Amino acid sequence: MLLENRIALVTAAGSGIGQAGARIMARNGAMVVVTDRDGDRADETAEIIRAEGGRCESACLDVTADEDIAKIMAEIEQKVRQGLGLAPAAANLSVVDGG
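Keep in mind the model is a prediction, meaning the values are calculated, not measured.

Reading the values: rules and limits
- Residues numbered from 1 in each chain as written.
- Predicted model: local features only at pLDDT ≥ 70, side-chain atom pairs only at ≥ 80, totals over all residues.
- Heavy atoms only, no water.
- Patch = residues over 30% accessible without salt bridge, like charges linked within 9 Å, V, L, I, M, F, W, Y side chains within 5 Å.
- Areas by Shrake-Rupley, 256 points an atom, 1.4 Å probe, with all protein chains shown as cover.
- Salt bridge = Lys/Arg side-chain N within 4 Å of Asp/Glu carboxyl O.
- Lys, Arg positive; Asp, Glu negative; His and termini not counted.
- Charge placed at Lys NZ, Arg CZ, Asp CG, Glu CD.
- Helix = DSSP H or I, 4+ residues; strand = E, 2+ residues; numbered from the N terminus.
- Buried < 20%, exposed > 50% of the residue type's maximum accessible area, 1.4 Å probe, protein only.
- Right-handed = clockwise from strand over helix to strand, strands pointing away.
- Expected span 1.5 Å × (residues − 1).
- Core = buried A, V, L, I, M, F, W, Y, C linked by side-chain atoms within 4.5 Å.
- Contact = heavy atoms within 4.5 Å.
- Pairing = 2+ DSSP bridges.

1. Re a negative patch on the surface
Phase 1: Negative charge collects at one region of the surface, where Asp-38, Asp-40, Asp-43, Glu-44 and Glu-47 lie side by side.
Phase 2: Along the chain, Asp-40 turns up in helix H2 (residues 39-51).
Phase 3: Residue Asp-40 is classed as exposed on the basis of its relative accessible area, which comes to 53%.

Written out as structure tokens, the structure is:
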């Protein structure tokens, strides 16, 4: 799979393009971290991805809040240290560079 053993951080993944992108990345093997300002919508997207057989985590994230960004970055850095690589970026799909 194209994105196997990669991590993808997808912002605004609660609906629309963000959700579609998260689902596509998961189908291509990425472990997806779906985020949205509405945590319930992020959770719903994660449930869809898991039902489709993908690996996913969800989080409430306001990209304008520095503390939210710092927290999600620390969580993703931990996953990178566990051996997952980073997925490429596109549109509102964000890549986290662990170093």
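2. Notes on the pairing of strand E1 (residues 6-10)
Taken residue by residue, a regular strand's side chains alternate between the two faces of the sheet.
Phase 1: Counted residue by residue, E1 has four buried out of five residues, so it is predominantly covered.
Phase 2: Handedness of the crossover joining E1 and strand E2 (residues 31-36) through helix H1 (residues 16-27): right-handed.

3. Side note on helix H3 (residues 66-81)
Phase 1: When the terminal C-alpha atoms of H3 are compared, their 22 Å separation across 16 residues agrees well with the 22 Å that a helix rising 1.5 Å per residue should span.
Phase 2: Backbone geometry just downstream of H3 places Gly-83 in the positive-phi region, at approximately 110 degrees.

4. So, the nonpolar core
Phase 1: Membership of the largest hydrophobic core comes to 13 residues, with the highest contact counts inside it found for Ala-22, Met-25, Val-32 and Val-34.
Phase 2: Contributing elements (two or more residues each) for this core: E1, H1, E2 and H2.
Phase 3: Of all the elements, H1 adds the most residues to this core, at three residues.
Phase 4: The next biggest cluster of nonpolar side chains, apart from the first, holds nine residues, and it includes Met-31, Val-33, Leu-61 and Ile-76.

5. Some remarks on the side chain of Gln-19
Phase 1: Secondary-structure assignment places Gln-19 in helix H1.
Phase 2: What Gln-19 contacts, discounting residues up to four positions off in sequence, is Ala-12, Ala-13, Gly-14, Thr-45 and Ile-48.

6. Focus: the environment of Gly-39
Phase 1: Relative to the helices and strands, Gly-39 is located in helix H2.
Phase 2: Here the alpha-carbon distance between Gly-39 and Asp-62, two residues 23 residues apart in the chain, equals 9.8 Å.

7. Considering the environment of Arg-37
Phase 1: Note on placement: Arg-37 falls in the loop between E2 and H2.
Phase 2: Residues Arg-37 and Thr-11, spaced 26 residues apart in sequence, show a C-alpha to C-alpha distance of 8.7 Å.
Phase 3: In contact with Arg-37, other than residues within four places in its own chain, are Cys-60, Leu-61 and Asp-62.

8. Topic: the pairing of E2
Phase 1: Across the six residues that make up E2, a large majority, six, are buried.
Phase 2: Bridge count between E1 and E2: four bridges; the pairing is parallel. Paired with Ile-7 across the strands is Met-31, a residue of E2.
Phase 3: As paired elements, E2 and strand E3 (residues 55-60) share six bridges and run parallel to each other. Pairing of Thr-35 across the sheet is with Ala-59, part of E3.

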